[in-house]
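Descriptive structure summary
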Amino acid sequence: MPEAPPLEQALELMLITYNRADHLERTLGEIAAGPFGRCRLTILDNASTDRTPDVCRAFAEGREHVRVIPHARNLGVSPNYLRAVELATAPYTWVLADDDSWDYGDCDDVIAAIRAGDVDVISVGAPGQEAWERGLRTTTQDLWRRGSRFFLTFSFIPSTIFRTELFGTTALSRGYRNADALYPHFPFLAELLEADRSVLVSKTEMVRRVHHGDLPSELFWMAAWTTSVARHVADPAVRRRAIYEMRRDRREWLGLLAVSIAMEKLDHPERVERELLELYAGFARDQRRWLALLAPLALVPRPLLRAVRAVKLRLNRSPGGPRPFDQLRI
């Protein structure tokens, strides 16, 4: 049997960044000090206006395996991600963000799988993966049959190391067409599920998402998610379940939908109608019924919504008191 290639030949790191110099500096330091520090690393700077270019230059100095690609203009996060995928040439690709939390303390299983080349996808930690069996070797369709929140987990970009050749021309071109909906890799995820690709779930959660600035609103996110699912998941039953994946169960999903509509009316009334139409276009029949029941929340007077928000803030400030609205982003 041929000898397994060294890790630095088998895996390529692609890091997308924009205007997060301090977080980027920390992330690069953690990469350099960890077991992936000798892998080829490409940093794609999306025309940052802070000191990110200086951080990139300083890090690349003296490191021949590091290259920096500064874009002349901000392409947007989705095209920047797809450009990273296009440029990758190693057998495996890992696209990283600049602001997450990393744990490289116990990743021998991941390194061994990459060197052996015997798995298509490696999942190394993500929101929605809490109930997954760590160290599991399985397939994408088996994860789906187990009831896993498949699309939500793999939508977290740094969660996935993938066999580079699988992200082909079709997924790339469809991804560019989906860039306006925030999830350029959704066509690739749909292909992975349909083809029943092999998966390793890392024994240790190696990456955790850190929030350094949220999406414009929850309703904006729901509309973007629903649009991506509707465009790229052909099976109606799979589409329906993928839309519900936004929360752990249907009850939480309904709560999210209700609060999101009300708060969008309060904070961004100019966007409510468009986003409700996007949801209606992508929802399954039962989801449309729930939307019809909850859409009138967009008609609630804004002064009343402001009063609800004020009550919630007062409850949260009460020392030791009940905090029933903590999970509602109002």
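Residues numbered from 1 in each chain as written. Predicted model: local features only at pLDDT ≥ 70, side-chain atom pairs only at ≥ 80, totals over all residues. Heavy atoms only, no water.

**A closer look at the sheet that holds strand S4 (residues 92–96)**
- Spatially, S3-S2-S1-S4-S8-S6-S9-S7 is the arrangement adopted by the eight strands of the open sheet, whose pairing is mixed. Every other strand in the sheet has two partners, leaving strand S3 (66–70) and strand S7 (137–139) as the edge strands with one partner each. Across the sheet, the axes of successive neighbouring strands diverge by a mean angle of 20°, strand direction being ignored.
- The sheet contact formed by strand S1 (residues 11–17) and S4 spans five bridges and is parallel. Each bridged residue has a counterpart across the sheet, and for methionine 14 the counterpart in S4 is valine 95.
- Packed on one face of the sheet, helix H2 (residues 21–33) meets S1, strand S2 (40–45) and S4 and runs near 170° to S1.
- Relative to S1, helix H4 (residues 77–87) is tilted by about 160°, and along the sheet it contacts S1, S2, S3, S4 and strand S8 (160–163). (Pairing = 2+ DSSP bridges. Helix = DSSP H or I, 4+ residues; strand = E, 2+ residues; numbered from the N terminus. Axes fitted to C-alpha atoms, helices over the stretch in contact; angles between N-to-C directions. Contact = heavy atoms within 4.5 Å.)

**Observations regarding H4**
- Counted residue by residue, H4 has eight buried out of eleven residues, so it is predominantly covered.
- Regarding H4, the residues found buried are Ser78, Pro79, Asn80, Tyr81, Leu82, Ala84, Val85 and Leu87.
- On the buried face of H4, the contacting elements are S1, S2, S3, S4, S8 and helix H8 (169–177). (Buried < 20%, exposed > 50% of the residue type's maximum accessible area, 1.4 Å probe, protein only.)

**Remarks on the nonpolar core**
- By size, the foremost hydrophobic cluster in this structure holds 56 residues, and its most contacted members are Phe151, Phe167, Trp225, Leu257 and Leu279.
- With six residues, helix H10 (residues 218–232) is the single largest residue contributor to this core.
- Among all residues touching phenylalanine 151, those that are not within four sequence positions of it are Trp144, Phe186, Leu189, Ala190, Leu193, Trp225, Val233, Val238, Ala242 and Glu245.
- With 37 residues, the next largest nonpolar core counts Leu24, Ile31, Cys39 and Tyr92 among its residues. (Core = buried A, V, L, I, M, F, W, Y, C linked by side-chain atoms within 4.5 Å.)

**Concerning the packing of H10 against helix H11 (residues 236–244)**
- At their nearest, the axes of H10 and H11 sit 9 Å apart, and the two run at 160° to each other. In terms of orientation, H10 lies roughly antiparallel with respect to H11. Here the hand of the crossing between H10 and H11 comes out right-handed. Note on element contacts: H11 touches H10 through Arg239, Ala242 and Ile243, opposite Trp225, Thr226, Val229 and Ala230.
- Residues that form the contact of H10 with H11 fall into these classes: five nonpolar, one polar and one charged. (Parallel < 35°, antiparallel > 145°, perpendicular 65-115°, else oblique. Left-handed = near helix turned anticlockwise from the far one by under 90°. Nonpolar A, V, L, I, M, F, W, Y, C, P; charged D, E, K, R; others polar.)

**Observations regarding the pattern of salt bridges**
- Taken as a whole, this structure holds 24 salt bridges when the rule is applied.
- One salt bridge connects arginine 67 with glutamate 12, and the closest N-O pair in it is separated by 4.0 Å. Of the two residues, arginine 67 sits in strand S3 while glutamate 12 sits in strand S1, which places them 55 residues apart along the sequence.
- By relative accessible area, which is 2% here, glutamate 12 ends up buried.
- Residue arginine 247 pairs with glutamate 218 through a salt bridge whose shortest N-O separation is 3.9 Å. Of the two residues, arginine 247 is situated in the loop between H11 and helix H12 (250–267) and glutamate 218 in helix H10; the sequence distance between them amounts to 29 residues.
- Residue arginine 247 is classed as partly exposed on the basis of its relative accessible area, which comes to 24%. (Salt bridge = Lys/Arg side-chain N within 4 Å of Asp/Glu carboxyl O.)

**A few points about the packing of H2 against helix H3 (residues 52–60)**
- One way to put it is that H2 packs onto H3 with a least axis distance of 9 Å and a crossing angle of 15°. Compared by their axis directions, H2 and H3 come out roughly parallel. Remark: the crossing between H2 and H3 carries right-handed chirality. Contacts from Ala21, Leu24, Glu25, Leu28 and Ala32 of H2 reach H3 at Thr52, Val55, Cys56 and Phe59.
- Looking at the contact of H2 with H3, its residues break down into seven nonpolar, one polar and one charged.

**Observations concerning unusual backbone geometry**
- In this structure, asparagine 19 is a non-glycine residue whose phi angle is positive, near 55°.
- You can see asparagine 19 is positioned in the loop between S1 and H2.
- Positive phi, close to 55°, is recorded for aspartate 196, a residue that is not glycine.
- Tracing the sequence through the fold places aspartate 196 in the loop between helix H9 (186–195) and strand S9 (198–201).

**Re the confidence of the model for the chain**
- Mean pLDDT over the chain works out to 90, with 92% of the residues at or above the 70 mark.
- The low-confidence segment residues 320–330, where pLDDT is below 50, has 18 contacts with residues more than four positions distant or belonging to other chains. (pLDDT = per-residue confidence, 0-100.)

**Here we look at the packing of aromatic side chains**
- A full pass over the atoms with the stated rule returns 18 aromatic pairs.
- Residues tyrosine 183 and tryptophan 225 carry aromatic rings whose centres are separated by 5.2 Å and whose planes lie at 90° to one another, so their mutual orientation is edge-to-face. With tyrosine 183 in the loop between H8 and H9 and tryptophan 225 in helix H10, this residue pair connects regions lying 42 residues apart in the sequence. Each of the two residues, tyrosine 183 as well as tryptophan 225, counts as buried. (Phe/Tyr/Trp six-rings, centres within 6.5 Å; stacked < 30°, edge-to-face > 60°.)

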